[in-house]
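# Geometric and topological summary
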Amino acid sequence: MRSLLHRTPRLKAHCLILRTTTMATSYSSSLLLPPSVSLNKSRNGSSLGFSVNRSRVSTNVSAGSQTTLNDSLFADYKPSSAFLFPGQGAQAIGMGKEAQSVAAAADLYTKANNILGYDLLDICVNGPKEKLDSTVISQPAIYVTSLAAVELLRVREGGEQIINSVDVTCGLSLGEYTALAFAGAFSFEDGLKLVKLRGEAMQAAADAAKSAMVSIIGLDSEKVQQLCDAANQEVEEADKVQIANFLCPGNYAVSGGLKGIEAVEAKAKSFKARMTVRLAVAGAFHTSFMEPAVSRLEAALASTEIRSPRIPVISNVDAQPHADPDTIKKILARQVTSPVQWETTVKTLLSKGLKSSYELGPGKVIAGIFKRVDKSASVENISA
């Protein structure tokens with residue numbers, strides 16, 4: 001039986017996006033190295049993924065010995081400029097079209113086609129929407145389009161300077177993979193292979209049980225937890241629910257068994273929730289319902305060359321940056337079953353003095369979240 005009553009974040013996988021009125025509700029939950037990308041060498045002679053070469057985003061990462069690192073290397077980071085990457089739910093028909101005007105960005109789609117075995121750009125630009133919205137397609141599509149946005153920014157006047165100034169990055173659920181690619185933890189190709197498998201594994205886990213997600217609007221996290229507790233008293237263990245995405249004040253997503261979600265929806269008004277919005281996702285992401293996906297991710301991550309990021313990448317699982325490659329692998333594997341700590345991430349960045357932020361990829365969900373936390377926050381959207 002799946003117990004969804006764990007209160008501590010385990011390690012998550014996707015992300016939810018909610019836009020009420022101006023921000024509709026959808027599920028959403030990267031970083032690329034600065035300048036362009038020819039492979040640079042680390043001190044031990046290994047190539048460092050997306051490195052800094054001032055022309056485009058490079059990709060391959062050669063294997064090499066990885067010196068054991070202190071995982072707390074970035075513990076005292078002081079952010080000034082951040083790259084923020086969207087998660088599943090940000091996808092939209094037409095994304096990627098603008099990227100074709102920049103050779104380095106267009107090249108990413110060509111590489112993606114070879115890895116995925118289908119024409120990703122065609123689906124991004126032409127749909128159909130049902131296909132683009134599927135978990136197995138939307139995750140690779142957002143990953144590639146977000147990194148393509150970095151290349152569009154690079155050719156803009158002053159873009160190279162902006163990229164070089166970035167000293168922290170993070171992404172909503174899926175976006176964490178994009179952030180790690182930007183930060184040189186793994187190559188574009190290896191990241192895409194992981195994202196492809198992640199989407200497939202999450203879809204398979206969702207197909208194995210009747211589950212769902214719903215966004216609760218207008219309550220604080222304590223009230224949402226009380227709502228979950230009340231719903232759980234009325235359902236069997238296999239249908240219990242939990243908060244799966246701490247998105248921003250007044251906007252939290254609940255995941256769990258279908259009967260549990262229905263109980264949450266039925267009780268929400270009595271808890272003074274402004275509204276509930278059932279999310280168009282395959283299943284109960286970021287809960288133990290995704291446990292079947294973990295072993296597949298662990299196997300894929302074990303065979304992937306991962307290096308310490310060149311700048312802090314904030315984890316969705318604990319809202320902290322990690323430097324040790326083995327720790328990063330463990331976190332990514334557990335991310336799909338752990339609540340998304342996005343609200344804590346945003347509040348921490350702002351409290352540490354973050355001055356400028358850029359949302360790279362489709363949609364403007366992250367910018368909306370920042371505004372919900374701090375109305376004075378400045379986030380520029382760079383689409384592709």
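So, here's what we can say about the structure. Quantities reported herein were computed from a predicted structural model and do not represent experimental measurements. (Residues numbered from 1 in each chain as written. Predicted model: local features only at pLDDT ≥ 70, side-chain atom pairs only at ≥ 80, totals over all residues. Heavy atoms only, no water.)

As a further point, take the environment of Gln100. When you line up the elements, Gln100 lands in the loop between strand E3 (81-85) and helix H1 (103-116). For Gln100 and Leu121, which are 21 residues apart along the polypeptide, the C-alpha to C-alpha distance reads 9.4 Å. Once you skip the residues sitting within four places of it in the chain, Gln100 turns out to touch Ala106, Tyr109 and Leu121. At 3.1 Å, the side chain of Gln100 forms a polar contact with the backbone oxygen of Gly96. (Helix = DSSP H or I, 4+ residues; strand = E, 2+ residues; numbered from the N terminus. Contact = heavy atoms within 4.5 Å. Polar contact = N/O pair within 3.5 Å; in protein donor to acceptor, adjacent residues only side chain to side chain.)

Turning next to the sheet that holds strand E8 (residues 275-278). In space, the four strands of this open sheet follow the order E6-E7-E5-E8, with antiparallel pairing throughout. Each edge of the sheet is formed by a strand with only one pairing partner; in this case those strands are strand E6 (241-248) and E8. The sheet shows a mean angle of 25° between the axes of neighbouring strands, direction not considered. Packed onto the sheet, helix H9 (residues 258-267) meets strand E5 (211-217), E6, strand E7 (251-257) and E8 and runs at close to 140° relative to E7. (Pairing = 2+ DSSP bridges. Axes fitted to C-alpha atoms, helices over the stretch in contact; angles between N-to-C directions.)

What follows deals with empty space enclosed by the protein. The space that makes up the largest cavity amounts to roughly 60 Å³. If you go around the largest cavity, the residues you meet are Glu176, Leu180, Pro309, Val313, Ile314, Ser315, His322, Ile328, Ile331 and Leu332. Listing elements by their share of the lining of the largest cavity, those giving two or more residues are helix H6 (175-182), strand E9 (313-314) and helix H11 (325-334). At three residues, the largest contribution of residues to the lining of the largest cavity is made by H11. A per-class count over the lining of the largest cavity returns seven nonpolar, two polar and one charged. (1 Å grid on protein atoms, 1.4 Å probe; cavity = no way out; pocket = protein on both sides within 12 Å on 5 of 7 lines; lining within 4 Å. Points joined across faces, edges and corners; volume = space filled by probe spheres on them. Nonpolar A, V, L, I, M, F, W, Y, C, P; charged D, E, K, R; others polar.)

Further remarks concern the environment of Gly87. As for its placement among the helices and strands, Gly87 is situated in the loop between E3 and H1. The spatial distance from the C-alpha of Gly87 to the C-alpha of Ile142 is 7.1 Å, given a sequence separation of 55 residues.

Judged by how many residues are buried, E3 sits mostly within the fold: five of five residues are covered. Residues Ser81, Phe83 and Phe85 of E3 are buried on one face, and the alternating residues Ala82 and Leu84, pointing to the opposite face, are buried as well. Of the strand pairs in this sheet, E3 and strand E10 (residues 356-360) are connected by four bridges, and their pairing is parallel. What sits directly across from Ser81, in E10, is Ser356. (Buried < 20%, exposed > 50% of the residue type's maximum accessible area, 1.4 Å probe, protein only.)

Time to look at the packing of helix H4 (residues 135-155) against H6. Running from amino to carboxyl end, H4 crosses H6 at an angle of 40°, the nearest separation of the two axes being 9 Å. Compared by their axis directions, H4 and H6 come out oblique. As for how H4 packs across H6, the hand of that crossing is right-handed. Judged by residue contacts, Tyr143, Ser146, Leu147 and Val150 of H4 engage Tyr177, Thr178, Ala181 and Phe182 from H6. (Parallel < 35°, antiparallel > 145°, perpendicular 65-115°, else oblique. Left-handed = near helix turned anticlockwise from the far one by under 90°.)

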